[in-house]
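Below are the chains, spelled out letter by letter.
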Amino acid sequence: MTAETYNLVNVWLYSISALIALIMLGIALFQLKGLTDQVKQAVKSNSINQLNALLSLEQQIADRRLSLSKAGIELAELKDSEDQNKIDSCKLKFDEAKQMYLNGLDRLCFCVLKSLLDSEDMRLEYREIINSAVKDFSEDFHTATPYRNVKKVYEQWADK
């Protein structure tokens, strides 16, 4: 085999290798584009799931606030009543509704603290609600409060 033939064979082999490498690069780019599309779809799906979770939390909080309002109105109507059993029953109902409402807010604040929900968006939407809850039920936000997440968020948002 002469040097000229040897060089020709090498050129052919290098050309074939380069062609295979280009084909492999094309396949890799095609797969990368597919993966990029899948990641975009996953991000979109995650955003939708996050929105669904937020809407569910908002609905729970609204329902619990409504129950609390109804129990408060019922208790206020019985203010001058002589029936102590009915008053005690209404107080229990009010306390349970308050606890359920504050638990819903605490769950929302947990999500904010764990960065499951955007803190700045939640601050714009819920700052007044959190402030009102802490002020209206200040006796429930003592040092050993079971609503630590609400208290932490309230303190964080107080400076902003």
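Residues numbered from 1 in each chain as written. Predicted model: local features only at pLDDT ≥ 70, side-chain atom pairs only at ≥ 80, totals over all residues. Heavy atoms only, no water.

This part is about unusual backbone geometry. In this structure, Ser115 is a non-glycine residue whose phi angle is positive, near 60 degrees. Secondary-structure assignment places Ser115 in the loop between α2 (84-113) and α3 (119-136). (Helix = DSSP H or I, 4+ residues; strand = E, 2+ residues; numbered from the N terminus.)

Another point: the packing of aromatic side chains. Under the counting rule described, the total for this entry stands at one aromatic pair. Ring geometry for Phe141 against Tyr147: centres 5.9 Å apart, planes inclined by 50 degrees, an arrangement best described as tilted. A residue is classified by how much of its surface remains accessible, and Tyr147, at 6% relative accessible area, is buried. Arg65 extends its terminal NZ or CZ atom over the ring of Tyr101, reaching a point 5.2 Å from the ring centre. (Phe/Tyr/Trp six-rings, centres within 6.5 Å; stacked < 30°, edge-to-face > 60°. Buried < 20%, exposed > 50% of the residue type's maximum accessible area, 1.4 Å probe, protein only. Lys NZ or Arg CZ within 6 Å of the ring centre and 35° of its normal.)

The subject of this paragraph is the packing of α2 against α3. Two elements in contact, α2 and α3, have axes whose closest approach is 11 Å; the angle formed by their N-to-C orientations is 150 degrees. Viewed along their axes, α2 and α3 adopt a mutual orientation that is roughly antiparallel. The chirality of how α2 crosses α3 is left-handed. For the pair α2 and α3, contact is made by Tyr101, Leu102, Leu105, Leu108, Cys109 and Val112 and by Ser119, Met122, Tyr126, Ile129, Ile130 and Ala133, respectively. A breakdown of the residues in the contact of α2 with α3 according to their chemical character gives eleven nonpolar, one polar and no charged. (Axes fitted to C-alpha atoms, helices over the stretch in contact; angles between N-to-C directions. Parallel < 35°, antiparallel > 145°, perpendicular 65-115°, else oblique. Left-handed = near helix turned anticlockwise from the far one by under 90°. Contact = heavy atoms within 4.5 Å. Nonpolar A, V, L, I, M, F, W, Y, C, P; charged D, E, K, R; others polar.)

Bringing the nonpolar core into the picture now. Membership of the largest hydrophobic core comes to 26 residues, with the highest contact counts inside it found for Tyr101, Leu102, Leu105, Leu108, Met122, Ile130 and Val150. When residues of this core are traced back to their parent elements, those giving at least two are α1 (3-77), α2, α3 and α4 (148-158). Tallying contributions element by element places α2 first for this core, with nine residues. Leave out the neighbours within four places in its chain, and Ile130 touches Leu105, Cys109, Val150, Tyr154 and Trp157. (Core = buried A, V, L, I, M, F, W, Y, C linked by side-chain atoms within 4.5 Å.)

For the rest of this paragraph, the subject is α1. Here α1 spans 109 Å end to end across 75 residues, near enough to the 111 Å set by a 1.5 Å rise per residue. Looking at α1, one finds that the buried residues are Asn10, Leu54, Leu57, Ile61, Arg64, Leu68 and Ala71. Elements in contact with the buried residues of α1: α2 and α3. (Expected span 1.5 Å × (residues − 1).)

A side chain with one charge may pair with a side chain of the opposite charge, provided their charged atoms come close. What the rule picks out here adds up to five salt bridges. In this structure, Lys98 and Asp140 form a salt bridge, with 2.9 Å as the shortest nitrogen-oxygen distance. Placement of the pair is Lys98 in helix α2 and Asp140 in the loop between α3 and α4, with a sequence separation of 42 residues. We note that Lys98, like Asp140, is buried. Arg123 is the salt-bridge partner of Glu120, the closest N and O atoms lying 2.4 Å from each other. With Glu120 and Arg123 both in helix α3, this residue pair falls three residues apart, about one helical turn. (Salt bridge = Lys/Arg side-chain N within 4 Å of Asp/Glu carboxyl O.)

Enumeration according to the criterion identifies zero disulfides in this entry. The cysteine Cys109 is free of any disulfide, with Cys111 supplying the nearest cysteine sulfur at 9.2 Å. (Disulfide = S-S within 2.5 Å.)

Bringing the packing of α3 against α4 into the picture now. Geometry of a packed helix pair, given as the angle between the helix axes and the separation of the axes. Close contact between α3 and α4 brings their axes to 9 Å; oriented N to C, the two are set at 110 degrees. In terms of orientation, α3 and α4 fall into the roughly perpendicular class. When the axes of α3 and α4 are compared, the crossing they make is left-handed. When α3 is examined against α4, the residues Ser119, Met122, Arg123, Tyr126, Arg127, Ile130, Asn131, Val134 and Lys135 are found in contact with a partner set consisting of Val150, Tyr154, Trp157 and Ala158. Of the residues in the contact of α3 with α4, the class split is eight nonpolar, two polar and three charged.

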